[in-house]
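# Understanding the architecture of this molecule
Listed below, chain by chain, are the residues.
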Amino acid sequence: MRTKGSFVLFFFFFIFPLALAQLRPGFYGTSCPRAESIVSDLVQKRFSADNSVTAALLRMHFHDCFVTGCDASILIDSTNQTQSEKESGANQTVREFELIDEIKKALEAECPSTVSCADIITLATRDAVTLVGGPRYTVLTGRRDGLRSNVDDVDLPGPQISVPDAQQVFQAKGLTSDEMVSLLGAHTVGFAHCSFFKDRLTNFQGTGLPDPTMNVTLIPKLRRICDAASTDNFGPKTFLDQSTNFVFDNKFHSEILSRRGILQIDQELALDRSTDPMVSKFAFNSDEFLRSFASAMVKMGNIQVLVGNAGEIRQNCRAFNPLKASTPSNPDNTPKPIPKPKPKPRPRPGKGGRKQKPPGKGRKNKIPRIF
């Protein structure tokens, strides 16, 4: 029997050992002791108003880490000069930027220019997962915020991607095929707009017929949802886990084994020989899925992190700091010793105790001016 929040995991080595050596649990323990509790309290407050916040933060975290690393580049607003990652079609439905703003505002009031936006995303996602019954894993902190956000950098895998192509994308980020299956298990609390899968219901790959891999009993239900009017700007949507859609569990894997996957890539996981064994393992072992998911989330959260003097600690998560507010003098959050003043050198007397004349037969040296 699974106990909620019972999995506390520590991972100190992954794909970037030098960078990760500077990340640690409780990085803000001295510089901002209440940082993690502030994040947790505000996530809880938002969850009480809208329990879909978990799915939103999971998506934000994934879309951030898979572009230029976990550097909060997804949070930057566009300017007249540059279109940021937010303008990408893949990021149009990413939400909860306002929650990140609220958390950052509270942290700036508590301890200015200390907690990075990248760490806020990572911590908030972990806390939101816990609120829907998922594992509470230990997050390494100490990330810094990136100095680049460009729409041209965004090249995220779409829902029609094949399993082999998806594996290549994940492997390029240092994640294994099994970790990919674990991370896509986050769809147990996710949803998708009909535009991402409607072709599977009526005209799959131009055949004029539904996707033959989809459970026939699911097709009419999804058609009714997608044909209905919607107040959502992006059209109707449905849950990716049609069984327990607001509970973080292994039912997603059971659903795709029954050919009830909504997205094409989700269903393909249960059909491809390289991923089907892991899907089956998770479907029949909830604890194994939760452990694997926690491990994969920690590893994903450490992709291409900035630490030390790299990047910056943004004052506003939506904008880069002004040039004058650059790297803090103490990025490691450790006290530095005050250097002792050096003694002033005494003038050396010449022969007979008198000062020596400068060279040049008593004339002053000519010193060139520097302009």
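Computed from a prediction, not measured in an experiment: that's the story for all the values here.

Rules and cut-offs
- Residues numbered from 1 in each chain as written.
- Predicted model: local features only at pLDDT ≥ 70, side-chain atom pairs only at ≥ 80, totals over all residues.
- Heavy atoms only, no water.
- Helix = DSSP H or I, 4+ residues; strand = E, 2+ residues; numbered from the N terminus.
- Expected span 1.5 Å × (residues − 1).
- Buried < 20%, exposed > 50% of the residue type's maximum accessible area, 1.4 Å probe, protein only.
- Phe/Tyr/Trp six-rings, centres within 6.5 Å; stacked < 30°, edge-to-face > 60°.
- Lys NZ or Arg CZ within 6 Å of the ring centre and 35° of its normal.
- pLDDT = per-residue confidence, 0-100.
- Contact = heavy atoms within 4.5 Å.
- Salt bridge = Lys/Arg side-chain N within 4 Å of Asp/Glu carboxyl O.
- Axes fitted to C-alpha atoms, helices over the stretch in contact; angles between N-to-C directions.
- Nonpolar A, V, L, I, M, F, W, Y, C, P; charged D, E, K, R; others polar.
- Disulfide = S-S within 2.5 Å.

### Here we look at helix H3 (residues 53–68)
Under the 1.5 Å per step criterion, the end-to-end length of H3 is 24 Å for 16 residues, consistent within 8% with the ideal 22 Å. Counting buried residues along H3, 14 of its 16 residues qualify, which places the element largely inside the surrounding structure. Just downstream of H3, Gly69 is the residue with a positive phi angle, here 100°.

### Some words on helix H5 (residues 117–131)
Here H5 contains 15 residues, and its C-alpha end-to-end distance of 21 Å stays within 8% of the 21 Å for a straight helix at 1.5 Å per residue. With respect to burial, H5 is a largely interior element, 13 of its 15 residues being buried. Just past H5, the residue Gly133 takes up positive phi, approximately 95°.

### Describing the packing of aromatic side chains
With the rule as written, the count across this model stands at nine aromatic pairs. For the pair Phe289 and Phe293, a centre-to-centre distance of 6.0 Å together with 45° between the ring planes defines the contact as tilted. With Phe289 and Phe293 both in helix H13 (residues 286–300), this residue pair falls four residues apart, about one helical turn. Ring pairing ties together the aromatic residues Phe248, Phe282, Phe289 and Phe293, which thus form one cluster. Note that Lys86 overlies the ring of Phe97, its terminal NZ or CZ placed 4.3 Å from the centroid.

### A short note on the confidence of the model for the chain
This prediction gives the chain a mean pLDDT of 87; 81% of its residues lie at or above 70. The model gives residues 1–16 a pLDDT under 50, and that stretch makes 44 contacts with residues more than four places away or in other chains. Ignoring residues within four places in sequence, the model shows residues 355–371, a span with pLDDT below 50, making five contacts including any to other chains.

### Re the pattern of salt bridges
Within the structure shown, the criterion is met by 22 salt bridges. Its salt-bridge partner being Arg148, residue Asp153 comes within 2.7 Å of it at the nearest N-O pair. When its relative accessible area of 23% is taken as the criterion, Asp153 is described as partly exposed. You can call Arg148 partly exposed: its relative accessible area is 45%. As a salt-bridge pair, Lys237 and Asp232 come within 3.4 Å of each other at their nearest N and O atoms. Relative accessible area serves as the criterion here: at 39%, Lys237 is assigned to the partly exposed category. Given the relative accessible area of 24%, Asp232 is considered partly exposed. Taken together, the shared-partner salt bridges connect Glu36, Arg126, Asp127 and Arg136 into one network.

### As for the packing of helix H12 (residues 276–284) against H13
Where H12 contacts H13, the two axes come as close as 5 Å, and the packing angle between them is 115°. On H13, the residues touching Lys281, Phe282 and Phe284 of H12 are Ser286, Glu288, Phe289 and Ser292. Taken together, the residues of the contact of H12 with H13 break down into three nonpolar, two polar and two charged.

### Regarding the state of the cysteines
Taken as a whole and judged by the stated rule, the model has four disulfides. One disulfide in the model links Cys32 with Cys111; its S-S distance is 1.8 Å. Since a negative S-S torsion denotes a left-handed disulfide, the Cys32-Cys111 link at about -45° is left-handed. With a gap of 79 residues between them, Cys32 in the loop between helix H1 (17–20) and helix H2 (35–49) and Cys111 in the loop between helix H4 (97–110) and H5 connect regions that are remote in the sequence. Its relative accessible area of 2% is what places Cys32 among the buried residues. Accessibility expressed as a relative area gives 7% for Cys111, which makes it buried. In this model, Cys194 is linked to Cys226 through a disulfide, with the two sulfur atoms separated by 2.1 Å. Because the sign of the S-S torsion sets the handedness, a value of about -90° for the bond joining Cys194 and Cys226 places this disulfide among the left-handed ones. Note that Cys194 is positioned in the loop between strand S1 (191–193) and helix H8 (199–202) and Cys226 in helix H9 (residues 219–227), a separation of 32 residues in sequence. The exposure classification of Cys194 matches that of Cys226, with both residues buried.

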